[in-house]
Amino acid sequence: MSNFNLKKPYRHFLDLATLTRGEARDIIDKARALKIIATETGHGKGFIHPDRPLADKSLAMIFEKPSTRTRVSFEMSIHQLGGKAIVLQGNDMQLGRGETVADTAHVLSGFVDAVMLRADSHDSLLDMAAHATVPVINALTDYSHPCQIMADVLTFEEYRGPITGKKIAWSGDGNNVAVSWIHAAVLFDCELTLACPKEFCPPTQVMEWAANNGGKVTLTHDPAQAVEGADCIITDTWISMGDSDIDARIAILAPYQVNRKLMDLSNRDSLFMHCLPAHRGEEVTGEVIDGPRSVIWDEAENRLHAQKSILIWCFGK
Ligand code: CP
Ligand code: NVA
């Protein structure tokens, strides 16, 4: 594992698999420190970091898909670090009319200091990174969602201490969020067991990557087996942005719902996490997601603190 941009004065944040273990740990620790600074000032949402570490830096945020958390947390992050965000909808750009990602990358690199992209296709993200001369950040693709998992790790550790050696269980679709959790399990050296139906398992190459990098990542089709001894149970929507065959997906994924019965098979003090948006009654019951073991609101808020740390890391600060 190495970051292929290490020699440049900036770094892309494309996937957790492109980070070293040390880099991933530093980003989490810095996020925690940034959260403490923000909370201790008492300025609430109006907080501006006293050092303005990203003063005069600008971030273009491109969305080819909808977003609530990512959009707001990134815009607030760069603002609180002293910089400025420009929000762009892919379809409002010439990108939506066929201008190439490469040309867009060249042009934006002349205007802004960093580009954040929520892309339909992971290839577009890689294309943007290959042609931009500023940091590019993955704000979710069809393949992965690394920013989310940094917030998730931060949240887990706030509640349960170091994640290393802990047991995390995933029940549901082996989707983009699951892929980033597989990467995280390797980087943070925790156990991860995913319960997914055979139709919706994570990509084989990702499982192989985990095995080749010493990951304790296992795949089962049995949710009960996955959650046994788990310190945290995670799920995500059964219908990700861009998915079709909705009825078929719901039918196949129904046995993977996180409900009280499943939570009761895990450790007594296990947490429940979900990146949101959630669909109560589908991948999780209202009783669980709104219950005492759910940490979803802290998880969502921690996007803000994780994103700040990611931005600072991208600029090599
Ligand atoms: N979890 C997450 O990325 O949420 P948004 O789609 O609202 O950004
Ligand atoms: N898997 C979901 C995550 C949303 C934040 C999706 O891609 O739609």
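Just so it is clear, the model here is predicted, and its values are computed rather than measured.

Participant: Describe the sheet that holds strand 4 (residues 136–138), and please don't skip the residues or the numbers.
Facilitator: Spatially, four strands are ordered 2-1-3-4 in an open sheet, and the strand pairing comes out parallel. The open sheet is flanked by strand 2 (84–89) and strand 4, the only strands paired with a single partner. The average undirected angle you get between the axes of adjacent strands in this sheet is 20°. Where strand 1 (residues 58–63) meets strand 2, six bridges bridge the pair, whose relative direction is parallel. Its bridge partner lying in strand 2, Ala-60 is registered against Ile-86.

Participant: Describe the site of ligand 2, and please don't skip the residues or the numbers.
Facilitator: As a structural note, the neighbourhood of ligand 2 is formed by Leu-140, Asn-175, Asn-176, Asp-236, Thr-237, Ser-240, Met-241 and Leu-276. In the environment of ligand 2, a nitrogen atom lies 2.6 Å from a nitrogen or oxygen atom belonging to the side chain of Asp-236. A distance of 2.7 Å separates a nitrogen atom of ligand 2 from a polar side-chain atom of Ser-240. Compared with its free state, where it exposes 270 Å², ligand 2 has 94% of that area covered by protein. Placement of ligand 2 is best described as lying within the second largest pocket. The class makeup of the residues in the shell around ligand 2 is three nonpolar, four polar and one charged.

Participant: Which residues make up the confidence of the model for the chain, and what are the values?
Facilitator: Confidence along the chain averages 95 in pLDDT terms, with 97% of residues attaining 70 or more. Contacts from residues 1–7, a stretch scored under 50 in pLDDT, to residues over four places away or in other chains number 23 contacts.

Participant: Before we move on, can you summarise the sheet that holds strand 7 (residues 216–220) with the specific residues and values?
Facilitator: Read across the sheet, five strands follow the order 7-6-5-8-9 without closing on themselves; strand pairing throughout is parallel. With partners counted over all chains shown, the strands left at the sheet margins are strand 7 and strand 9 (271–274), one partner each. With strand direction ignored, the average angle separating the axes of adjacent strands in the sheet is 20°. Here strand 8 (residues 232–235) pairs with strand 9 via four bridges, running parallel.

Participant: Lay out the site of ligand 1 with the relevant residues and their values.
Facilitator: Inspection of the region around ligand 1 gives Ser-67, Thr-68, Arg-69, Thr-70, Arg-118, His-145, Gln-148, Cys-275, Leu-276 and Arg-303 as its neighbouring residues. Measuring from an oxygen atom of ligand 1, one finds a side-chain N or O atom of His-145 at 2.8 Å. Residue Arg-303 places a side-chain N or O atom 3.1 Å away from an oxygen atom belonging to ligand 1. Comparing atom positions with the cavity grids shows ligand 1 to sit within the second largest pocket. Residue composition of the shell around ligand 1, by class: two nonpolar, five polar and three charged.

Participant: So what's going on with the packing of helix 3 (residues 101–111) against helix 4 (residues 122–131)? Residues and values would help.
Facilitator: The N-to-C vectors of helix 3 and helix 4 enclose an angle of 45°; their axes lie 8 Å apart at closest approach. Taken together, helix 3 and helix 4 sit at an angle that is classed as oblique. When the axes of helix 3 and helix 4 are compared, the crossing they make is right-handed. Across from Val-101, Ala-102, Thr-104, Ala-105 and His-106 in helix 3, the residues of helix 4 making contact are Ser-124, Asp-127, Met-128 and His-131. Within the contact of helix 3 with helix 4, the residues separate by chemical class into four nonpolar, four polar and one charged.

Participant: Which residues make up the packing of helix 5 (residues 146–160) against helix 6 (residues 176–188), and what values do they have?
Facilitator: At a minimum axis distance of 9 Å, the contact between helix 5 and helix 6 shows a crossing angle of 55°. With respect to helix 6, the axis of helix 5 lies oblique. In the packing of helix 5 onto helix 6, the handedness of the crossing is right-handed. Of the residues in helix 6, those in contact with Pro-146, Ile-149, Met-150, Asp-152 and Val-153 of helix 5 are Val-177, Ser-180, Trp-181, Ala-184 and Phe-188. Grouping the constituent residues of the contact of helix 5 with helix 6 by class yields eight nonpolar, one polar and one charged.

Here is what the cut-offs are and how they apply
Residues numbered from 1 in each chain as written. Chains lettered and ligands numbered in written order. Predicted model: local features only at pLDDT ≥ 70, side-chain atom pairs only at ≥ 80, totals over all residues. Heavy atoms only, no water. Pairing = 2+ DSSP bridges. Helix = DSSP H or I, 4+ residues; strand = E, 2+ residues; numbered from the N terminus. Axes fitted to C-alpha atoms, helices over the stretch in contact; angles between N-to-C directions. Near = heavy atom within 4 Å. Polar contact = N/O pair within 3.5 Å; in protein donor to acceptor, adjacent residues only side chain to side chain. Areas by Shrake-Rupley, 256 points an atom, 1.4 Å probe, with all protein chains shown as cover. 1 Å grid on protein atoms, 1.4 Å probe; cavity = no way out; pocket = protein on both sides within 12 Å on 5 of 7 lines; lining within 4 Å. Sits in = over half its atoms within 2 Å of the grid points. Nonpolar A, V, L, I, M, F, W, Y, C, P; charged D, E, K, R; others polar. pLDDT = per-residue confidence, 0-100. Contact = heavy atoms within 4.5 Å. Parallel < 35°, antiparallel > 145°, perpendicular 65-115°, else oblique. Left-handed = near helix turned anticlockwise from the far one by under 90°.

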